[in-house]
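Overview (structure and organization)
Listed here are the chains, written in short residue letters.
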Amino acid sequence: MTPAERQEALHLVEELQRERAGAAHPAVERDDAIMSLELSVSEIFRTVKNSHRQLAQGFDPPLSMFGFGVLRFLRQHGPVRVGDLAQAFETDKAVVSRQLAALRERGYVVHRDDPSDRRASLIELSEEAQTQFTAARTQLRDSYHHLVDDWSDDELASFAAMLERFARALPR
């Protein structure tokens, strides 16, 4: 959604709210809330996508978003096989293997034998990548702290709980 489209949508929401001011019909209020939710989620998605792009650039400027996504997946899920990565990213093993070769060349991933099957190997983050992620995460958390500085602890806890509930309800 472009900034102009977002402005127009917000204007429409405000106009609807003015028209329905004083209307006590719960369905109308719920529809307004759903429209507001839709706009907010779109804005959050756009902002998060941009911040992930910036995070990837800060991590390593030539790193692709796909490569950064693989690193984030490894950080979250620990050592995995190539096939697990291909399945998680809904792509074939060849694509993942090429990306892993580039990441290994940059020193971000290491391969080790899979103890449950010596024919297979597990891929995991290198210590260098772990260190860079820790620094990046600290920076991201600091920015979140700044965003909610003027919120009470109760407001923050309530928002976090509702956002988590909403995230769990999303289709996978």
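Everything below is about the structure printed above this text.
As a starting point, this report considers the structure included with it. All of these numbers come straight from a predicted model, not from anything done at the bench. Each chain has its residues counted from 1, following the order in which its sequence is written. In keeping with the predicted nature of the model, local features appear solely for residues at pLDDT of at least 70, side-chain atom pairs appear and are counted solely at 80 or more, and the whole-chain, interface and lining totals rest on all residues. To get the side-chain values, take all heavy atoms of the structure and skip hydrogens and water.

**Let's talk about the overall build of the chain**
The number of helices and strands found in the chain is seven helices and two strands. When its helices and strands are written in sequence order, the chain yields α-α-α-α-α-β-β-α-α. Per-residue burial over the chain gives 22% buried out of 172 residues. For the chain, contacts bridging at least 24 residues in sequence account for 44% of all contacts bridging at least 6. Accessible surface for the chain amounts to roughly 12400 Å². Of this, 54% is attributable to carbon and sulfur atoms. Here a strand is any run of E in DSSP of at least two residues, a helix any run of H or I of at least four, and the numbering for each starts at the N terminus. The rule is simple: take the accessible area with a 1.4 Å probe, protein chains only, and divide by the maximum for that residue type; under 20% is buried, over 50% is exposed, in between is partly exposed. Residue contacts are counted whenever heavy atoms from the two residues lie within 4.5 Å of one another. Here the accessible surface of atoms and residues is derived via Shrake-Rupley with a 1.4 Å probe, and residues count as covered only by protein chains that are part of the display.

**Looking at the side chain of Ser-126**
Mapping Ser-126 onto the fold places it in the loop between strand 2 (117-125) and helix 6 (127-147). Ser-126 sits in the buried class, given a relative accessible area of 8%. Any pair of nitrogen or oxygen atoms within 3.5 Å is treated as a polar contact; in protein, a donor-acceptor pairing is required on top of that, and neighbouring residues in sequence qualify only through side-chain atoms on both sides. Polar side-chain contacts of Ser-126 include one of 2.6 Å to the backbone oxygen of Gly-107.

**Some details on a negative patch on the surface**
Two distance rules govern patches: like charges are joined within 9 Å, and nonpolar side chains (Val, Leu, Ile, Met, Phe, Trp, Tyr) within 5 Å, applied only to residues with over 30% relative accessible area and no salt bridge. Counted as salt bridges are all cases of a side-chain nitrogen of Lys or Arg within 4 Å of a carboxyl oxygen of Asp or Glu. Asp and Glu are treated as the negative residues and Lys and Arg as the positive ones, with His and the ends of the chain left uncounted. To locate a charge, the coordinates of NZ of Lys, CZ of Arg, CG of Asp or CD of Glu are taken. On the surface, a cluster of negative charge is contributed by Asp-149, Asp-150, Asp-153, Asp-154 and Glu-155. Assignment of secondary structure puts Asp-150 in the loop between helix 6 and helix 7 (153-169). Looking at Asp-150, the relative accessible area reads 67%, which means it is exposed.

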